[in-house]
Structure formats: C-alpha cells, structure tokens
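# Fold and contact review
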Amino acid sequence: AEGYVLTIAPEAICIHANRPAGIFYGAQTLLQLVPPTPTREPIAIRAATIRDVPRFEWRGMMLDVARHFFKVADVKPLIDNLARYKINRLHLHLSDDQGWRIEIKSWERLAKHGGSTEVGGGAGGYYSQAEYSELVAYAAQQYITIIPEIDVPGHTNAALASYAELNADETARDLYTGTEVGFSSLSIHQAITYKFLDDVIGELAALTPAPYIHIGGDEARSTAHDAYLYLIERVQEIVRAHGKRMIGWEEIAQAKLLPTSIAQHWCADFAAQAIRQGARVIVSPSTRAYLDMKYDAATKLGLDWAGLIDVEKAYMWEPTAEVQGATDENVLGVEAPLWTETIETLDDIEYMTFPRIIGIAEIGWSPQVNRSWDEYRQRLAAHGARLKAFDVNFFAAPQVPWE
Ligand code: IFG
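Residues numbered from 1 in each chain as written. Predicted model: local features only at pLDDT ≥ 70, side-chain atom pairs only at ≥ 80, totals over all residues. Heavy atoms only, no water.

This brings us to the environment of Ala271. For Ala271, the location among the structural elements is in helix 8 (residues 270–276). Residues Ala271 and Val72 lie 199 residues apart in sequence; the distance between their C-alpha atoms is 33 Å. What Ala271 contacts, discounting residues up to four positions off in sequence, is Glu250, His265, Val281 and Val323. (Helix = DSSP H or I, 4+ residues; strand = E, 2+ residues; numbered from the N terminus. Contact = heavy atoms within 4.5 Å.)

Near the ligand there are 14 residues, and of these Asp218, Tyr290, Asp292, Trp305 and Glu341 occur at the shortest range. Take Arg67: an N or O atom from its side chain is 2.9 Å from an oxygen atom of the ligand. Within the side chain of Glu341, one N or O atom sits 2.6 Å away from an oxygen atom of the ligand. Contact with the protein chains removes 96% of the 350 Å² of surface that the ligand exposes when unbound. Residues of the shell around the ligand, tallied by class, amount to 8 nonpolar, 1 polar and 5 charged. (Near = heavy atom within 4 Å. Polar contact = N/O pair within 3.5 Å; in protein donor to acceptor, adjacent residues only side chain to side chain. Areas by Shrake-Rupley, 256 points an atom, 1.4 Å probe, with all protein chains shown as cover. Nonpolar A, V, L, I, M, F, W, Y, C, P; charged D, E, K, R; others polar.)

Take the environment of Gln141 next. With respect to the secondary-structure elements, Gln141 resides in helix 4 (residues 129–141). Expressed as a C-alpha distance, the spacing of Gln141 and Phe394, which sit 253 residues apart in the sequence, is 24 Å.

Spatially, 4-5-6-7-8-9-10-11 is the arrangement adopted by the 8 strands of the closed barrel, whose pairing is parallel. Geometrically, the sheet is characterised by an average inter-axis angle of 30 degrees between neighbouring strands, direction not taken into account. Pairing of strand 10 (residues 280–283) with strand 11 (residues 331–338) involves 3 bridges; the strand directions are parallel. If you follow Val283 over to strand 11, its bridge partner there is Val334. Along the sheet, helix 4 makes contact with strand 5 (89–93) and strand 6 (145–152), crossing strand 6 at roughly 140 degrees. Helix 6 (residues 191–207) contacts strand 6 and strand 7 (212–216) of the sheet and is inclined by roughly 170 degrees relative to strand 6. (Pairing = 2+ DSSP bridges. Axes fitted to C-alpha atoms, helices over the stretch in contact; angles between N-to-C directions.)

Dropping the structure here:
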C-alpha cells in the first residue's frame, strides 16, 4: 500500500507503485536525492533502482495541543516536515486537565470554557470543527492520517471544569494551569458520563476519516481500579458503536480488550497483556521516543523523568524488543509523543522534534538489520542543510557531523 520502485536512468526517472501513497513516498525519496531548494543549475543524480516498502504501517508523531494550544497555521509546517520523512500518522492529544481543544457542538462549554486557558495561564484556544477538518484534509494530502485523542477517565479537569453535572459532587472544578497529573477523574457511576462520552466520541468519529479513536486511559490515579476497568470496557463499546477501533495508553490492557483495540506502550508492561489478549500495540517507549525529554542536561526545554534522550538514544532501539511478546505481526508500528508542558511555540516543537523524529521515522520504515549509529549519523549530517532550507528550527546535536 505504501511501497514503490524508483528507477533513475539516463533516459528517464520513473516511480511505480500499487497505490498513490507509494508514488508520494517514491517522490519523497527522489526529492532527498536533489538539493532542497530549486536551482537552474544542472543536477546530477546517480543512476539507481530503489525498491522500497515500509516495515511498519504506523509511523507516527503525537502532538499534545492540550497543555499548550497550537493553532492550525503552526501545525501545518510540522505536517509538511513529517511527510518528508514518510511519517504517516499524527496523533493529536486534544484534551487534558489544562485544556479541551476541539469544538463539540452538543457540549459547547468544553471548548469555550475548557479551552480558554493552558499551562501557565495563557489564552489557550481550540479547533472549531471546521479547523479540525481542515487539518485532517491538509494532512491527508501528504498521506498523514490524523488520530484524535480524548483522554479519559483521568486527565479530565478541563471537562470537569466546564460542566458541574459531570462531577460526582455536582460542583464544577476550577480551570487548571499547572503541570500535575493524576488528580482528576470522570464520575464512573453517573449515567451522564456515558452520554457525555457517546456525544463526544460520536461527533469526533463523524469528523475523523481514520478508523481509530484514541481514548487515553493513562494515569487514572483518582479512579478506583474496578471503576477504571468498567469505564474502559464501556468506552470501547461506545467507540465500536461509532464504527471505530479504540486506541488507548497501555493501562487499558488491564481491561477486556476487543481484538481490534490497540494499546500504546509508553512506560509499563501492560502492552504485553494486550498482546496476550490478541490485541495489537503501538510502541512509544518514554525512554526512547518521548520528544519532550531533554537531549542533554543543557537542553532548556522539556522534562527528564524518563531520562535524557540524545539523537543516538532516539535511534538505537528496536520496537519489538520494547514489549514482551512483541513481533512484527502484533506491532502496528512506532510513534513519538511530544508532550507540551514546556513547549509553547512552533520553534519549540521543531527543536525537540528534529532531528530525533528522523531516526524514529527510519525505525518505522526500514529493516532493523545493519542499524548502526556511526553509519546513520553520517547520513543524518546531510539533512542539516535540508532542515535549514525548510526553515526548521532543529537541534544541531554535537554528536552529528553536520555538513
Ligand atoms: N506522562 C503523561 C503525559 C505527560 C508526560 C510528560 C503519558 C501517557 C508524562 N501520560 O505519557 O500526560 O504529562 O512527559
């Protein structure tokens, strides 16, 4: 579905593929063989035949637009630069304690009130349904599928601040602009919670061509364990009723999963439980793929609870080695989350994302055989000029001999 053959010969350059995505990816490869900016000078390209097909179907990045909000005009350049490296999924973390970022017509206070601030007390913001659809269409033109996440039952303070009736004590929470986690929970045994979930997931599913809805499920420290399992299984039913497959952070694997559900590994071994249930996994190890982790002790942006992740550490790992029982069959692929507690601008996004996402994109596309830091860093060095040409505010890591 995404493979291609690129033949470069004196008489012609040809790209053949089964599907349009393959043509697009062949074109990305060809573009990497020529200078990044237009030139009238003749260009010499070495003759070659490149027969190429991705190892994993899920090659993704997640952008947390809840801790800090990023308007459509800031997300589009990120989409452009991800597509150049054959990334094909952009997971948008649309709700959290600090913000609700997507208009829901049947619960309009979620965005209007729940989206009115952000970490640090700024103005926040949200995507109207038209803006969300604009992002979906823009990404699709570059073969990137948008995956929406509404995080439940924890990470729900913005919703609990927007509607008193969603709270067990019928009292609306205050808006929250800090960076603590684990203090909020939907009220599991109130009927209105499931009307809320059905309405939200219904409206989101109608706006989302992707066959997935991500329902979060992480860090539900204020939800009793049995109540958590009950909610996850009910949400899984709601997602299915709206014709979508449920994705959740790996804690969801403690509940009974449908074989179509997907657990996203980030920091525990619940994903192994998902595999044992016959579900599939997306691999996002916090120690390797969390783009909000500092590169080194000097990095001003980001956090370091999962350790420092330099360009080499973000590249030298194998997805099927991160989860017990993982194989190329039950791993859908890889995803690199950028949590934005400390990230406020597109420059900040680019600084933490590039160049580490380039190595993760290669892990998602290329076979593991021969993966070597010394070989990779030489190739990566040539991309400094390209990233500069595309005005990407990348981190010029000292370990890379940038050309
Ligand atoms: N863990 C939380 C995120 C974010 C992150 C920051 C997950 C699944 C720490 N949950 O990662 O909301 O706060 O690195």
